[in-house]
There are 2 protein chains.
Amino acid sequence: MNGGDGYQSYAKNSFFQKGAIEVAKEIIEEEISNKLDIENLSSTSTNIIRIADFGCSTGPNTFHAMQIIVETIKKKIEKQLSVSHQMPEFQVFFNDRISNDFNTLFASLPQDRQYHAAGVPGSFHDCQFPKASLHFAYSSFTLHWLSEVPKEVADPLSPAWNKGKILYYGDKNEVFNAYADQFAKDLDSFLKARAQELVFGGLMALLVCSESNHTKNISTITFPSFELLGSCLMDLAKEGLFDTAKVDSFNIPMYFPTPNELKALIEKNQDFSIERMEILNYPPKRFTTPDSKSFAIFIRALIEALLQSHFGSSIMDELFRRYEQKVEESKLLSNPDESSMMTFVLLKCKQMT
Amino acid sequence: MNGGDGYQSYAKNSFFQKGAIEVAKEIIEEEISNKLDIENLSSTSTNIIRIADFGCSTGPNTFHAMQIIVETIKKKIEKQLSVSHQMPEFQVFFNDRISNDFNTLFASLPQDRQYHAAGVPGSFHDCQFPKASLHFAYSSFTLHWLSEVPKEVADPLSPAWNKGKILYYGDKNEVFNAYADQFAKDLDSFLKARAQELVFGGLMALLVCSESNHTKNISTITFPSFELLGSCLMDLAKEGLFDTAKVDSFNIPMYFPTPNELKALIEKNQDFSIERMEILNYPPKRFTTPDSKSFAIFIRALIEALLQSHFGSSIMDELFRRYEQKVEESKLLSNPDESSMMTFVLLKCKQMT
């Protein structure tokens, strides 16, 4: 993600992600209200509720989500507990990778927040908190980020070599499978880590950027925006700005699971029970209302850092100028792709084994 | 403090502060070993020990201090508890003001640390943690930072107007008293906040940059380095780079208490018992071994941000060039001032009222 709060920052270009929590708000409120068993959550004896956002980036989305969660838990406690009972204090942990711009995150923390804030740097594929120290976990539009690009897709000797492409939109099943396998591994490590960190009975709400439940095969792969970006990179390579091998060796560490795939992986993991799972009516149309300029900046805020570290920063302006043009010429924005969607999952942490 | 890890950064110019923890190490180890009552600390039932460094800046000093504390507590637990008892997990909170460079702090976190790390942005004059959530607090070379410059010293209508000076080294008792009063208020708010955050029986180790126990009067005020810096600013003003009123209205929010003063203020607060208090043999000579160039960079790393926000960044190079020259010409480095010292205080948190 692009740090800071400038024109091309994530903070200023995350309208897509912002909509997500709005759409999920009611369900989250309902589920916390029904399923969060305040009285029986272990470790609440000290009267502190600890919440973490995994993959918070820089806000303001994370602040909005945390506010919804804190307020909902407070309301529930007010209703449930006796008048004499003291309202717990809230401690909210903002987690993201070490390279996240925590300085910008901290500088923009809401003044009137009802919680103590802390930033936790580190990959959410590993444990980042002491055992049984969190009561509620949240992660929105983050699980599609893989811990790494599957090695074989960048290996010219592998049948999964992803030549000339930057995501799994090509015609090779091997590439797709390599990405799917990596996602399965990553989701498992994510769930295992959270199962350690959450108290027994703790809840976790996930908003997962996913694809429709079509039978998985190459032709249905969505996110054509990355195909366009890949073709811009190939154009620049062909014009001699860099070798085409540079594109061959670049792959975006992202994967978008189908809801069924997600469900099967969570059930296989066994650390959590699925309390609710829903495909949310999150119209891609809303995402596609911006013009090609805004859309190009949106994608740039998302993955410029990755591109820069591979291709250098000098080509970024030209790359995104061309990208904007291709998006404009394509039918991407006028014919929104109905196969991309958002899946909401509410999980409850089972007793640790 | 200057962020980042460049030539003029705090990270690269905090040798003075680094020495402090080295000198205090043995005492901290001894005191944790004798005074930290692991079994009776409340809130350890969840088997998590929480430690915070208040005013951590960017490291590496804070990492070194936290490592000493974590290792010492671990050793104590290993000795004290039965073999079957599980070693607790450690969670270390790095606190500093919102403007601190947390990005650099997080990027340089030790890979092999034995604790979960979190950054907590916010002034240590306010509560930054839930009640009774910390077991050990630490603060090194930070309490001399005031929450604000006492208002009267920047007020031309006040008898405490600090005209032409940037700290309380002038001949006005009113200026000195305004600074001393602000320190008393700030120390009280610091102790009140920590008393809320620490569990009953929790310990707090403070390393306080202080002055000798001379009868307090203007002539004994130390830290001549700031007097030199002030005179450089006045020189620049007289040469027309800015108005002298700019210097009149600039005051550094720092105050260095005597050990007796510190003791009296802690006793007045009543939230903590003083378990140990010692003037440490921290030779100013060691501090004064660097040449004038290194010394000027050291002071620059410490207060450039403050100076910049008042005078703008364009004069910084010239200011510190002149400062280095004045330090060189002065007897500051060759005749170390024996009246500046370090006070160690170990406090135990009393039951909350």
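Numbering of residues starts from 1 in each chain and follows the order in which that chain's sequence is written. Lettering for chains starts from A, numbering for ligands starts from 1, and both go in the order in which the items are written. Predicted model: local features are reported for residues with pLDDT of at least 70 only, side-chain atom pairs are reported and counted for 80 or more only, and whole-chain, interface and lining totals are derived from all residues. Note: side-chain values were computed over all heavy atoms of the structure, leaving out hydrogens and water.

Looking at an unreviewed UniProt entry, one finds chain A named Probable S-adenosylmethionine-dependent methyltransferase At5g37990 and attributed to Olea europaea subsp. europaea.

Here we come to the overall build of chain A. Assigned secondary structure in chain A consists of 10 helices and 7 strands. Among the 353 residues that make up chain A, the fraction classed as buried is 57%. Only heavy atoms matter for contacts: two residues are in contact if any of them lie within 4.5 Å across the pair. Within chain A, counting contacts between residues at least 6 apart in sequence, those at least 24 apart form 83% of the total. Each accessible area value is a Shrake-Rupley result obtained with a 1.4 Å probe; residue values ignore everything except the protein chains displayed when judging cover. Here chain A has roughly 14,500 Å² of accessible surface; of this, 49% comes from carbon and sulfur atoms. Numbering of helices and strands starts at the N terminus; helices are DSSP runs of H or I of at least 4 residues and strands are runs of E of at least 2. Remark: exposure states derive from per-residue accessible area (1.4 Å probe, protein chains only) relative to the maximum for the residue type, with buried under 20%, exposed over 50%, and partly exposed in between.

Salt-bridge detection follows one rule: a side-chain nitrogen of Lys or Arg within 4 Å of a carboxyl oxygen of Asp or Glu. Applying the stated rule across the entire model yields 32 salt bridges over all chains. A salt bridge links E197 of chain A to R194 of chain A; the nearest nitrogen and oxygen atoms lie 2.7 Å apart. Taken together, the positions of E197 of chain A and R194 of chain A, both in helix α4 (residues 173-197) and 3 residues apart, correspond to about one turn of that helix. Taking relative accessible area as the criterion, E197 of chain A reaches 0% and is therefore assigned buried. Where R276 of chain B meets E278 of chain B, a salt bridge forms, and the shortest distance between an N and an O atom there is 2.9 Å. Under the relative-accessibility criterion, R276 of chain B is labelled buried at 18%. Looking at E278 of chain B, the relative accessible area reads 29%, which means it is partly exposed. Within this structure, E30, E31, K35, E275, R276 and E278 of chain A form a network of salt bridges that share partners.

This part is about unusual backbone geometry. As a rule of thumb, non-glycine residues mostly have phi less than zero, and peptide bonds are mostly trans rather than cis. Of note in this structure, S57 of chain A is not a glycine but carries a positive phi near 55°. Relative to the helices and strands, S57 of chain A resides in the loop between β1 (48-54) and α2 (61-80). Positive phi is not limited to glycine here, since A132 of chain B has a value of about 50°. Within the secondary structure, A132 of chain B is located in the loop between β3 (116-121) and β4 (134-140).

Another point: the packing of helix α5 (residues 224-238) of chain B against helix α9 (residues 292-311) of chain B. All names here are of chain B. Direction vectors running N to C along α5 and α9 enclose 50°, while the axes themselves pass 12 Å from each other. As far as their axial angle goes, α9 and α5 are oblique. Crossing angle aside, the handedness with which α5 passes α9 is right-handed. From α5, S225, F226, L229 and L233 reach across to α9, where they touch F295, I299, I303, L307 and F311. Convention adopted: a line fitted to C-alpha atoms gives each axis, helices being fitted over their contacting stretch, and angles between N-to-C directions are expressed from 0 to 180 degrees. Convention used here: angles under 35 degrees read as roughly parallel, angles over 145 as roughly antiparallel, angles from 65 to 115 as roughly perpendicular, and any remaining angle as oblique. What makes a crossing left-handed is the near helix being turned counterclockwise from the far one by less than a right angle; a clockwise turn instead makes it right-handed.

Now for the interface of chain A and chain B. Taken together, the contact between chain A and chain B spans 28 residues of the former and 28 residues of the latter. For any pair of parts, buried area is found by adding up, for both, the accessible area (1.4 Å probe) each one loses once the two are put together. Surface buried jointly by chain A and chain B totals about 2,300 Å² across both partners, of which 56% is contributed by carbon and sulfur atoms. Considering only the surface of chain A that becomes buried against chain B, N103, F106 and P130 of chain A emerge as the three largest contributors, covering 23% of it. Put simply, chain A and chain B have 0 salt bridges between them. Here a polar contact means two N or O atoms within 3.5 Å. Within protein one must be a hydrogen donor candidate and the other an acceptor candidate, and residues neighboring in sequence count only if both atoms are side-chain atoms. Taken together, the connections running from chain A to chain B amount to 12 residue pairs in polar contact (both at pLDDT 80 or more).

The next thing to look at is helix α10 (residues 316-329) of chain A. All names here are of chain A. The terminal C-alpha atoms of α10 lie 20 Å apart, and with 14 residues this matches the ideal 20 Å at 1.5 Å per residue to within 8%. Listed as buried for α10 are M316, L319, F320, R322, Y323 and V327. When α10 is viewed along its axis, its buried side chains cluster within an angular range of 160° and face the same direction. Across α10 from its buried face, at more than 90 degrees, point the exposed residues D317, E328 and E329. Looking at the packing, one finds that the buried side of α10 touches α5 (224-238) and α9 (292-311). The span you would expect from a helix comes to 1.5 Å times its residue count less one. The arc in question is traced by the directions running from the helix axis to the C-beta atoms.

Alignment of the copies relies on least squares applied to C-alpha atoms, considering only residues that score at least 70 for pLDDT in both. Expressed as a screw transformation, the operator carrying chain A onto chain B has a rotation angle of 180° and an axial translation of 0.0 Å, and the superposed copies differ by an RMSD of 0.0 Å. When the rotation and shift are considered jointly, the pair of chain copies conforms to a two-fold rotation axis. No C-alpha of chain A approaches the rotation axis more nearly than that of G119 of chain A, which lies at 2.4 Å. When the interface residues of chain A are mapped onto chain B, 100% of them again fall at the interface, so both copies present the same face.

This part is about the packing of α9 of chain B against helix α10 (residues 316-329) of chain B. Residue and element names in this part refer to chain B. One way to put it is that α9 packs onto α10 with a least axis distance of 10 Å and a crossing angle of 140°. By the angle class used here, α9 and α10 are oblique. Two packed elements cross with a definite hand, and for α9 against α10 that hand is right-handed. From α9, S292, K293, F295, A296, I299, R300, E304, L307, Q308 and F311 reach across to α10, where they touch M316, D317, L319, F320, Y323, E324, V327 and E328.

On to the pairing of strand β3 (residues 116-121) of chain A. Residue and element names in this part refer to chain A. With respect to burial, β3 is a largely interior element, 6 of its 6 residues being buried. Residues H116, A118 and V120 point to one face of β3 and A117, G119 and P121 to the other, with burial holding for every one of them. When DSSP finds at least two bridges between two strands, those strands are taken to pair. Where strand β2 (residues 89-96) and β3 come together, 6 bridges link them in parallel fashion. Its bridge partner being in β3, F94 is matched across the sheet by G119.

Turning to the packing of aromatic side chains, a few remarks are in order. Put simply, two rings from Phe, Tyr or Trp (the six-membered ring, in Trp's case) pair if the centres are within 6.5 Å, and we call them stacked under 30 degrees between planes, edge-to-face over 60, tilted for the rest. One pass over the full model with this rule turns up 35 aromatic pairs over all chains. Ring centres of F63 of chain B and F94 of chain B lie 5.6 Å apart, and the angle between their planes is 75°; on these two criteria the pair is classed as edge-to-face. Highlighted residues: F63 of chain B in helix α2 (residues 61-80) and F94 of chain B in strand β2 (residues 89-96), separated in sequence by 31 residues. In this structure, F63 of chain B and F94 of chain B share a single accessibility class: buried. Counting every residue linked through ring pairs, the aromatic cluster contains F54, F93, F124, F129 and F190 of chain A together with F54, F93, F124, F129 and F190 of chain B. Cation placement over rings: the criterion is NZ of Lys or CZ of Arg within 6 Å of the ring centroid and within 35° of the ring normal. Taking NZ or CZ as reference, R194 of chain B lies 4.8 Å from the ring centre of F190 of chain B, over its face.

A few words on the side chain of E31 of chain A. Residues and elements named next belong to chain A. Its place among the elements puts E31 in helix α1 (residues 15-35). We classify E31 as buried; its relative accessible area is 3%. Contacts of E31, omitting those with residues within four sequence positions, involve L36, L203, R276 and L346.

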